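# Inside the fold
Each chain, letter by letter, is given below.
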Amino acid sequence: MHVAINGWFWDQPNTGSGQYVRELLRAMRKADKDAQFTLVLPAHITPQGVPNGVEVVQTGRGPRGKLGKIWFEQSQFPGVVKQSGADLAHVPYWGPPLSSPAKLVTSVLDVIPLLYPEYAGGFATKLYTSMVTAAAQGSAYIITLSEASKRDVAEQLDYPAERVVPIHLAPKESYHPQLGRERDQAVQKKYNLPDDPFILYLGGFDVRKQVTQLLSAYTFIEKAHGEYTPLVLAGHEPEWREPLFPDLRRAAANLDIPEENLYWIGYVDEDDKPSLYRLAEVFVYPSVYEGFGLPILEAMASGTPVVANNIPVFDEIVGDGAFLIEAGSATKMGGAMLALLEQKDLYDTMRNSGAARATNFTWRNTARATLDAYRQALDYTD
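Described in the following lines is the structure provided in the data block. Quick caveat: nothing in here was measured; it's all calculated off a predicted structure.

Turning our eyes to something else, we now look at the overall build of the chain. A tally of helices and strands in the chain yields 14 helices and 13 strands. Relative to the compact-globule value of 21 Å for 382 residues, the chain shows a C-alpha radius of gyration of 22 Å, a close match. Taking the principal axes of its C-alpha atoms as reference, the chain extends roughly 65 × 45 × 40 Å. Out of the 382 residues in the chain, the part that is buried amounts to 55%.

Okay, structure coming up:
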């Protein structure tokens, strides 16, 4: 089996798509020594960190910017697939070619632009979404990240559900309650984190993440919990603008949350995230829609209790390993955080349950399931 993989996001290991292609290719190379992999990279990407035994083909230079991405996806990548003689082409993000010389597998991690109009963007973005939606129809199989996402993908792309394969992601091995603890103090100093136990949010600040719910929930902690427990908000802070990025600093001020209670620490390096999770007392993830929700698993694997909204994908992933509350309820989110902070038995139970649950998710399992999907795709006939 010879698989050509689109590596457009290879040089972006801090993005979801970049992590996915890197970890997946590394794990598949270990899982099947007989399979042949060709990683196709655009000219501007240096092939660093490519696993041994993986062939790298770099395309010639194309247009710059968004047009360059489309040119790579629709022309250069299919061209290399044809030249390499690959049996299968895999695009590990939602950007498949309209025509492929080999059987095509596309990973659609989520369909947010189709579900939430505010994410659809301007005319150019809508046009691109329409193109890749049509192109996905040519896939022999589509890989997505959860059963919940499978339903959305099949419905929104009008694609046969029986050819949508849900394959879970996994936290990296560095997310662990003990391994790497020697770095925790340096990370605490680097980001000027509080010495006191703190609540952590790590992620984006767009409207889907519902950080406003967390801020409202935090006011209950501030009033009811007897000890100073700051809230750390980690992630690149955007330019606040409605409707996609509600002004969270203004929201916090309107809720009368003291400035000294909030730590806006900005972007966090990927290698520092395990320590950040371990240092937190509780991790809260109030998102109302995800294709998967890897930060929850990362926190659980790090031994940090998790509070999140009870949405289908989280219910599927966490089992009894996290504290899931009614979606959108600031009162219940605040109550869950307060319970974990004040009830040691509950805290220890959730900590242990979360860490145990996270061990069910490994990149080895993800790789094996993906290789199985490849074989199904190769066997597929119209």
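Across the sheet, seven strands lie side by side as S3-S2-S1-S4-S5-S6-S7; this open sheet has parallel pairing. Looking at strand neighbours, the two that pair on one side only are strand S3 (55-58) and strand S7 (164-166), the edges of this open sheet. This sheet shows a mean twist of 25 degrees between the axes of neighbouring strands, independent of strand direction. In the packing of helix H5 (residues 147-156) onto the sheet, the strands contacted are strand S6 (141-144) and S7, and the crossing angle to S7 comes to about 160 degrees.

In this section: the side chain of Lys 69. Along the chain, Lys 69 falls in helix H2 (residues 65-84). The buried category is assigned to Lys 69, whose relative accessible area is 18%. For Lys 69, the side chain forms a polar contact with the side chain of Glu 73, separated by 2.6 Å. There is a polar contact of 2.8 Å between the side chain of Lys 69 and the side chain of Tyr 128. For Lys 69, the residues in contact, after removing those within four places along its chain, are Trp 8, Phe 9, Tyr 93 and Tyr 128.

Moving on: unusual backbone geometry. In the segment running from Glu 242 into Pro 243, the intervening peptide bond is cis, with an omega of 0 degrees. Take Pro 243: it is sitting in the loop between strand S9 (231-234) and helix H8 (248-254). Positive phi outside glycine occurs at Asp 256, with the angle close to 60 degrees. Within the secondary structure layout, Asp 256 lies in the loop between H8 and strand S10 (262-266).

The subject of this paragraph is helix H1 (residues 16-31). With 16 residues, H1 ought to run about 22 Å at 1.5 Å a step, and its terminal C-alpha atoms sit 22 Å apart, in line with that. Most of H1 is tucked away, with twelve of its 16 residues classed as buried. Taken together, the buried positions of H1 are occupied by Ser 17, Gly 18, Gln 19, Tyr 20, Val 21, Arg 22, Glu 23, Leu 24, Leu 25, Ala 27, Met 28 and Arg 29.

Read across the sheet, six strands follow the order S10-S9-S8-S11-S12-S13 without closing on themselves; strand pairing throughout is parallel. Across the chains shown, the open sheet's two edge strands, defined by having one partner strand only, are S10 and strand S13 (323-325). For this sheet, the mean inter-axis angle between neighbouring strands, taken without regard to orientation, is 20 degrees. Taken together, the three bridges between strand S11 (residues 282-285) and strand S12 (residues 306-309) define a ladder with parallel strand orientation. Counterpart to Val 284 in the pairing with S12 is Val 307. Contacting strand S8 (199-202), S9, S10, S11, S12 and S13, helix H7 (residues 211-224) runs over the sheet at an angle of about 165 degrees to S9.

The next point concerns the packing of H7 against helix H12 (residues 330-342). In contact at an axis separation of 8 Å, H7 and H12 are set at 45 degrees when each is read in the N-to-C sense. In terms of axis orientation, H7 runs oblique to H12. The way H7 lies across H12 gives a crossing that is right-handed. Contact with H7, carried on its side by Gln 213, Leu 214, Ser 216, Ala 217, Tyr 218, Phe 220, Ile 221 and Ala 224, involves Ala 330, Thr 331, Met 333, Gly 334, Met 337, Leu 338, Leu 341 and Glu 342 of H12 and no other residues of that element. By residue class, the composition of the contact of H7 with H12 is eleven nonpolar, four polar and one charged.

Cut-offs and rules
- Residues numbered from 1 in each chain as written.
- Predicted model: local features only at pLDDT ≥ 70, side-chain atom pairs only at ≥ 80, totals over all residues.
- Heavy atoms only, no water.
- Helix = DSSP H or I, 4+ residues; strand = E, 2+ residues; numbered from the N terminus.
- Rg over C-alpha atoms; globule rule 2.2 N^0.38 Å.
- Buried < 20%, exposed > 50% of the residue type's maximum accessible area, 1.4 Å probe, protein only.
- Pairing = 2+ DSSP bridges.
- Axes fitted to C-alpha atoms, helices over the stretch in contact; angles between N-to-C directions.
- Contact = heavy atoms within 4.5 Å.
- Polar contact = N/O pair within 3.5 Å; in protein donor to acceptor, adjacent residues only side chain to side chain.
- Expected span 1.5 Å × (residues − 1).
- Parallel < 35°, antiparallel > 145°, perpendicular 65-115°, else oblique.
- Left-handed = near helix turned anticlockwise from the far one by under 90°.
- Nonpolar A, V, L, I, M, F, W, Y, C, P; charged D, E, K, R; others polar.

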